[in-house]
Amino acid sequence: MTILSKALVVLGMSAAALADNYAVIVAGSNTYANYRHQADACHAYQILSKGGIPKENIIMMMYDDIAHNIENPFRGKIFNKPSSGPGVDVYEGCNADYTRKEVTPDNFLAVLTGDASKTGGKKVLNSTSNDNVFINFVDHGGVGIIAFPDGQLLHADKLQASLKTMHTKNMYKELVFYMEACESGSMFEDFPTDLNMYVTTAANAQESSWGTYCPPQDVVDGKSLNTCLGDLYSVNWMQNADKTDLTKESLQTQFERVKVLTNKSHVQQFGTKSMTSDMTSQFEGTGKTGNKTEAVKPESHADSRDISLVTLYNRYLNGGGSAAAAALIKEIEQREAADQRFAAIQKEVIGNDRREAARAHRECYRPAHEAVVAACGPYTDYSLKHSKTIAYLCDVTGGDFAAIQLGAQKVC
């Protein structure tokens, strides 16, 4: 071997030694009704950190209002699955870097692109072209949008632009993104295939994702938590990671297993699909976590848009009294008002026209959503279902954002 060849080998070994794993985990909601999102996120944190990804390389964003919530019967603990015994607390050691008002779309994008000037100096990704990055986002969504606390929205074009910035800045060798949200497939329509980014989503562009371990399967150690403990897609990939040696399971194998188990929505793949031959351990840790607790088959599910209704109804049935009845009635009235509002907007814009339209005007989605929010107030967990109406109006009018804005202003 020549001196030059030996030098190249040494340099190659040095680069490999410097390679590392990084992760960003986001639970984008708040309030006890959305318990499952922080449960999913903390479970993901446990898998990655116990699987060998350094905690200093994991950036965690969650509102952190669940563990010590007055409605939580296990104060200081969060569970991602039911148990007849004391259960597995995923909150212990789940260290959040961004909490409360810091959980915003702007901070999330700054974290991804490594821009600490926009986070007040708080932790951001410092990954390099030698490193693999794993991103996990869990929350509500709609067509072309994912939600953050207090009605904030992140639009598909802005998310994709930030991911492309990561590529331009050489912030990763390979990147994997798992997204749990309704209509999550709409966030990655026309996503490039040459960025060394592989994405899976809980649902396609036109359907809800589903919560699981909902009442009456929400019981830990004999107590009902009166909420859904997880989301079906997230629970399925994480229970797979818990019980599997991920050094021997490819991304494609995990995807196929999760797709079969997630039978209430259609799990999707986007991006650089040639990466699916990679071992899952290259992104999620080894899977040798020591947390080989028995998987619990999800049996009690709820459409993510209906979980607040389900939990309020369950509370009323279990002796919640007049206060529970009033909260349930208020939820129903708000849902009906949202249905009527968006039906009225559609009628203002296109009358009784109901023709089909191809999804050809996605450039209209963001300004149209922003116009509706400006006129009618923020989307709620439930009214996000009507983001499909706004996207449809964009497509059927040929991208006439001004007509949609005017319709929303007239109705609201």
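Residues numbered from 1 in each chain as written. Predicted model: local features only at pLDDT ≥ 70, side-chain atom pairs only at ≥ 80, totals over all residues. Heavy atoms only, no water.

Asker: Any details on the overall build of the chain? Residues and values, ideally.
Answerer: Along its length, the chain carries twelve helices and 14 strands. On C-alpha atoms alone, the chain measures out to a radius of gyration of 22 Å, which is about the 22 Å that the 2.2 N^0.38 rule sets for 412 residues. In terms of its C-alpha atoms, the chain occupies a principal-axis envelope of roughly 80 × 55 × 40 Å. Here the contacts in the chain between residues at least 6 apart in sequence split such that 76% fall between residues at least 24 apart. Surface exposure of the chain reaches about 17100 Å², of which carbon and sulfur atoms provide 51%. Averaged over its 40 positive side-chain charges, the chain has a centre that lies 1 Å from the centre of its 48 negative ones. (Helix = DSSP H or I, 4+ residues; strand = E, 2+ residues; numbered from the N terminus. Rg over C-alpha atoms; globule rule 2.2 N^0.38 Å. Contact = heavy atoms within 4.5 Å. Areas by Shrake-Rupley, 256 points an atom, 1.4 Å probe, with all protein chains shown as cover. Lys, Arg positive; Asp, Glu negative; His and termini not counted. Charge placed at Lys NZ, Arg CZ, Asp CG, Glu CD.)

Asker: An account of the packing of helix α5 (residues 232–243) against helix α6 (residues 251–261) is needed here, citing residue identities and associated values.
Answerer: It is the contact of α5 with α6, at a shortest axis distance of 9 Å, that shows an interaxial angle of 135 degrees. Taken together, the axis directions place α5 and α6 in an arrangement best described as oblique. Regarding α5 and α6, the two cross each other, and that crossing is right-handed. Residues L232, Y233, N236, W237, N240 and A241 of α5 touch α6, and the partners they reach there are Q254, R257, V258 and L261. (Axes fitted to C-alpha atoms, helices over the stretch in contact; angles between N-to-C directions. Parallel < 35°, antiparallel > 145°, perpendicular 65-115°, else oblique. Left-handed = near helix turned anticlockwise from the far one by under 90°.)

Asker: How would you summarise the packing of helix α10 (residues 365–376) against helix α11 (residues 387–396) if you had to cite specific residues and measurements?
Answerer: Two elements in contact, α10 and α11, have axes separated by 10 Å at closest approach and are oriented at 130 degrees. In terms of orientation, α10 and α11 fall into the oblique class. Relative to α11, α10 is oriented so that their crossing is right-handed. On α11, the residues that touch Y365, A368, H369 and V372 of α10 are S387, I390, A391, C394 and D395. Among the residues making up the contact of α10 with α11, the classes are represented as six nonpolar, two polar and one charged. (Nonpolar A, V, L, I, M, F, W, Y, C, P; charged D, E, K, R; others polar.)

Asker: Describe the nonpolar core, listing the residues and the values that go with them.
Answerer: Y35 and W237 are the most contacted members of the largest nonpolar core, which has 45 residues in total. For this core, the element with the highest residue contribution is helix α2 (residues 35–50), accounting for eight residues. If you look at the next biggest cluster of nonpolar residues, it comprises 36 residues, including L112, V133, I135 and L154. (Core = buried A, V, L, I, M, F, W, Y, C linked by side-chain atoms within 4.5 Å. Buried < 20%, exposed > 50% of the residue type's maximum accessible area, 1.4 Å probe, protein only.)

Asker: Explain the side chain of T389 to me, and be specific about the residues and the numbers.
Answerer: By the element assignment, T389 lies in helix α11. Ignoring any residue separated from it by four or fewer positions in sequence, one finds T389 in contact with F342 and Q346.

Asker: Break down the pairing of strand β1 (residues 21–27) for me, citing the residues and quoting the values.
Answerer: Counting buried residues along β1, six of its seven residues qualify, which places the element largely inside the surrounding structure. With seven bridges connecting them, β1 and strand β3 (residues 132–138) associate as parallel partners. Within β3, the position partnered with V24 by the bridge is I135. Summarising the sheet, β1 and strand β2 (residues 58–61) pair through four bridges and their orientation is parallel. Following the sheet pairing, A23 is matched in β2 by I58. In terms of handedness, the path from β1 via α2 over to β2 forms a crossover that is right-handed. (Pairing = 2+ DSSP bridges. Right-handed = clockwise from strand over helix to strand, strands pointing away.)

Asker: Please set out the pattern of salt bridges residue by residue, giving values where relevant.
Answerer: On inspection of all chains with the given rule, the structure shows 16 salt bridges. For R366, the salt bridge is made with D157, and the minimal N-O distance between the two is 2.9 Å. Taken as a pair, R366 in helix α10 and D157 in helix α4 (residues 156–168) lie far apart in primary sequence, 209 residues in all. Residue R366 is classed as partly exposed on the basis of its relative accessible area, which comes to 28%. Under the relative-accessibility criterion, D157 is labelled partly exposed at 41%. Ionic pairing is found between R335 and D306, a salt bridge with its closest N-O pair at 2.9 Å. Residue R335 is found in helix α9 (residues 321–350), and its partner D306 is found in the loop between β14 (302–303) and α8 (307–317); the two are separated by 29 residues along the sequence. Residue D306 is classed as partly exposed on the basis of its relative accessible area of 26%. Among the charged side chains, a network of salt bridges with common partners joins E189, D190, R359 and R362. (Salt bridge = Lys/Arg side-chain N within 4 Å of Asp/Glu carboxyl O.)

Asker: Account for the sheet that holds β3, with residues named and values stated.
Answerer: One open sheet accounts for six strands, arranged β2-β1-β3-β7-β8-β13; its pairing is mixed. On the outer flanks of this sheet lie β2 and β13 (268–271), each paired with one strand and no other. The sheet shows a mean angle of 10 degrees between the axes of neighbouring strands, direction not considered. On top of the sheet, α2 reaches β1, β2 and β3; it is set at about 165 degrees to β1, its chief contact.

Purely spatial values, then, with no claim about function.
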